[in-house]
Amino acid sequence: GEEVFGTYFFSRGGLWFIETPVFVCLGWFVWAYAAVWVAGKVFPGMNLAGRAVVGALIPVLMDLWFDPVFTSPEHMNWVWAKGDCLLIFGIPHVNFLGWFFLIFLFAIFWEQLPKWERRWGRLKATLAFFATLVAAELAILAFFFPWCFALRQVLLLAGAQQGLKLPAGW
C-alpha cells in the first residue's frame with residue numbers, strides 16, 4: 001500500500017544487471033550511441049550542447065512510443081509501480097527525463113573521450129568515462145527526489161492528483 005515513485009519490475013528477461021535485464025542496458029547503449037552519432041553526422045556545424053540535445057531527444061522520443069506499448073496489458077514486458085505524480089501515457093515522467101539527461105551527458109562525455117585518451121591513455125580514459133557516467137546517473141537520481149516532491153506539491157496546489165493518466169484497462 002505504500003506509494004513509490006518511478007519504480008518498476010520486468011516480467012521478462014534472463015540475465016540481470018541490478019534490477020534490469022542486460023538486454024535493456026545494451027539496447028539503451030546502442031540507442032544512445034547511434035543517436036549521438038547520427039546527431040553529429042546530421043548537424044556537424046552545431047555546437048556540442050545542441051548535438052547532445054538532438055542525440056538525447058531521438059531515443060527519448062522513441063521511448064515515448066515504445067514504453068506505452070511494452071507496458072500495455074497485451075505485452076506486459078515491464079510494469080511501473082503506481083505513485084509517480086505525473087504520468088505520460090501511463091509512464092512516469094522521470095523515466096523520460098532521466099533518459100534524456102543521461103544520454104545528453106553521455107554525448108558530452110563521449111566527445112571528451114579522445115581528449116582524455118590522449119591525456120591519460122586508453123585504459124584510464126575508458127575508466128574515467130564510465131565512472132563519470134555512473135556519477136552522472138547518481139546525480140540524476142539524487143535530483144529526482146526533490147524534483148518529484150516539488151512537482152507533486154505544484155500539482156496538488158493546482159488541484160490535480162495525477163497528470164496525463166491513461167484510463168484503466170488501457
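What counts, and at which threshold
- Residues numbered from 1 in each chain as written.
- Predicted model: local features only at pLDDT ≥ 70, side-chain atom pairs only at ≥ 80, totals over all residues.
- Heavy atoms only, no water.
- Helix = DSSP H or I, 4+ residues; strand = E, 2+ residues; numbered from the N terminus.
- Expected span 1.5 Å × (residues − 1).
- Bend = angle between axes of the 7 residues up to and from the residue.
- Buried < 20%, exposed > 50% of the residue type's maximum accessible area, 1.4 Å probe, protein only.
- Salt bridge = Lys/Arg side-chain N within 4 Å of Asp/Glu carboxyl O.

Here's the deal with helix α2 (residues 48-70)
Its 23 residues place the ends of α2 33 Å apart at the C-alpha level, agreeing with the 33 Å of an ideal helix rising 1.5 Å per residue. Along α2, the helix axis deviates most sharply at Leu64, where the bend reaches about 30°; the proline Pro68 sits within four residues downstream. Residues Gly50, Arg51, Ala52, Val54, Gly55, Ala56, Pro59, Val60, Asp63, Asp67 and Pro68 constitute the buried set of α2.

Here's the deal with the environment of Leu141
Summarising the element assignment, Leu141 is placed in helix α4 (residues 122-157). The class of Leu141 is partly exposed, set by a relative accessible area of 42%. In sequence terms Leu141 and Val94 are 47 residues apart; their C-alpha atoms lie 9.3 Å from each other.

Notes on the pattern of salt bridges
Counting across every chain of the model gives two salt bridges. Among the ionic pairs, Arg51 bridges to Glu111, the shortest N-O distance being 3.0 Å. Pair noted here: Arg51 is in helix α2 and Glu111 is in helix α3 (residues 93-120), with a separation of 60 residues, a long-range link. Here Arg122 makes a salt bridge to Glu117, at a shortest N to O gap of 3.1 Å. Judged by its relative accessible area of 30%, Glu117 falls in the partly exposed class.

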